[in-house]
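Per-entry structural report
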Amino acid sequence: MSKVIVMDHPLIQHKIGWIRRADTGSKDFRTLISEIAMLMCYEATRDLELTDVEITTPICATTVKELKGKKLAVVPILRAGLGMVDGMLAMIPSAKVGHIGLYRNEETLEPVEYYCKLPKDCDEREVFVVDPMLATGGSSVAAIQMLKDKGVKRIHFMCIIAAPEGVKRMQEAHPDVDVIVGALDDHLNEHGYIVPGLGDAGDRIFGTK
Ligand SMILES: O=c1ccn([C@@H]2O[C@H](COP(=O)(O)O)[C@@H](O)[C@H]2O)c(=O)[nH]1
Ligand SMILES: O=P(O)(O)OP(=O)(O)O
Ligand SMILES: [Mg+2]
């Protein structure tokens, strides 16, 4: 069974409080999503392995630590996941970025795939899939399956707000994928929105509603 890590850092919790407010506008919403992603990335990468490297400072030769040969990739689920990319790259600037386009059919809530472009060597990378919202889990389960079908083995999923229903579905479908969550909410409503949630993350980031 995969790990579910709920971030309890006060800065993350404070900023999540602001994105939930209905009167937070797109500009602030975007900034906050990016900042939360950056803080979550910092916490989520704490287990990355390090290796010793010999270097020379202006004073003498010494041994320093460096990330151990692992190459990383960030894969946002479009559109809402795009809002988290800048924050992730601020922490891991050498990561490659893939894109998976999925939207939810409003009636069935099933994900519909419309785009997939991944780094060529994605299967050699440790991949962080990002989407601010994990609701029914349909989108993230499908996105992770698309990565696995392309041979990706080391996958983490990061979301800002999750519903228990989505976490359960992810753990059942992908028990090998850790789920990193900013806040675990109460339930889904009859339209598949997270309660209390924040509404539609894509629309709030891009000002489309
Ligand atoms: O409260 C919500 C719920 C969902 N979204 C958007 O939908 C998908 C995730 O939904 P799944 O049911 O888990 O497939 C996510 O990409 C969000 O863009 C939302 O914005 N707000
Ligand atoms: O998952 P959806 O349907 O909300 O898509 P988008 O992220 O484009 O709003
Ligand atoms: Mg949306």
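What you see is a predicted model, and the numbers here were worked out from it, not measured in a lab.

1. Points about the site of ligand 2
In the vicinity of ligand 2, the residues found are L78, R79, A80, Y103, R104, D200 and G202. Measuring from an oxygen atom of ligand 2, one finds a backbone N or O atom of A80 at 3.2 Å. D200 places a polar side-chain atom, nitrogen or oxygen, 3.2 Å from an oxygen atom of ligand 2. Surface burial for ligand 2 is 79%, taken as the share of its 280 Å² of free accessible area covered by protein chains.

2. A short note on the confidence of the model for the chain
With 100% of its residues at a pLDDT of at least 70, the chain reaches an overall mean of 96. Listed scores for the predicted complex are pTM 0.95 and ipTM 0.97.

3. Description of the site of ligand 1
Near ligand 1 lie 16 residues; those nearest to it are D131, T136, S139, G199 and A201. The separation between an oxygen atom of ligand 1 and a polar main-chain atom of A135 is 2.9 Å. Between A201 and ligand 1, the recorded distance is 2.8 Å, taken from a backbone N or O atom to an oxygen atom. In the complex, 94% of the free accessible area of ligand 1, which totals 460 Å², lies under the protein chains. Elements supplying a minimum of two residues to the shell around ligand 1: strand 9 (133–134) and helix 4 (138–149). Residues of the shell around ligand 1, tallied by class, amount to seven nonpolar, six polar and three charged.

4. Digging into the UniProt feature "binding site: 5-phospho-alpha-D-ribose 1-diphosphate" (unreviewed entry) in the chain
In the numbering used here, UniProt assigns the feature "binding site: 5-phospho-alpha-D-ribose 1-diphosphate" (unreviewed entry) to R79, R104, D131, P132, M133, L134, A135, T136, G137, G138, S139 and D200. Tracing the backbone shows D131 in the loop between strand 8 (125–130) and strand 9. Here D131 falls in the buried class, since its relative accessible area comes to 9%. Discounting chain neighbours no more than four positions away, the residues touching D131 are I77, A80, G81, M84, F157, M158, C159 and I160. Locating G137 in the fold gives a position in the loop between strand 9 and helix 4.

Procedures and definitions
- Per chain, residue numbering runs from 1 following the sequence as it is written.
- As they are written, the chains are lettered A onward and the ligands numbered 1 onward, keeping that order.
- Totals for whole chains, interfaces and linings use every residue, but because this is a predicted model, local features are given only for residues with pLDDT of at least 70 and side-chain atom pairs only at 80 or more, for both listing and counting.
- As a convention, hydrogens and water are excluded, and side-chain values are obtained from all of the structure's heavy atoms.
- A single heavy atom is enough: if one lies within 4 Å of a molecule or strand, its residue is considered near that molecule or strand.
- Two N or O atoms count as a polar contact when they lie within 3.5 Å, although within protein this holds only if one can serve as hydrogen donor and the other as acceptor, and sequence-adjacent residues are included solely when both atoms are side-chain atoms.
- We get accessible surface area from the Shrake-Rupley algorithm with a probe of 1.4 Å; when it comes to residues, only the shown protein chains can shield them.
- On a scale of 0 to 100, pLDDT captures the predictor's confidence in every residue.
- Numbering of helices and strands runs from the N terminus, with a helix taken as a DSSP run of H or I at least four residues long and a strand as a DSSP run of E at least two residues long.
- Any residue that is not Ala, Val, Leu, Ile, Met, Phe, Trp, Tyr, Cys, Pro, Asp, Glu, Lys or Arg is counted as polar, Gly included; the first ten are nonpolar and the last four charged.
- UniProt positions are given in the numbering used here, feature names are shortened, and annotations may be inferred rather than shown by experiment.
- Think of it in three bands: with a 1.4 Å probe and only protein chains considered, a residue is buried below 20% of the maximum accessible area for its type, exposed above 50%, and partly exposed in between.
- Contacts are residue-level and defined by heavy atoms, with any inter-residue pair within 4.5 Å sufficient.

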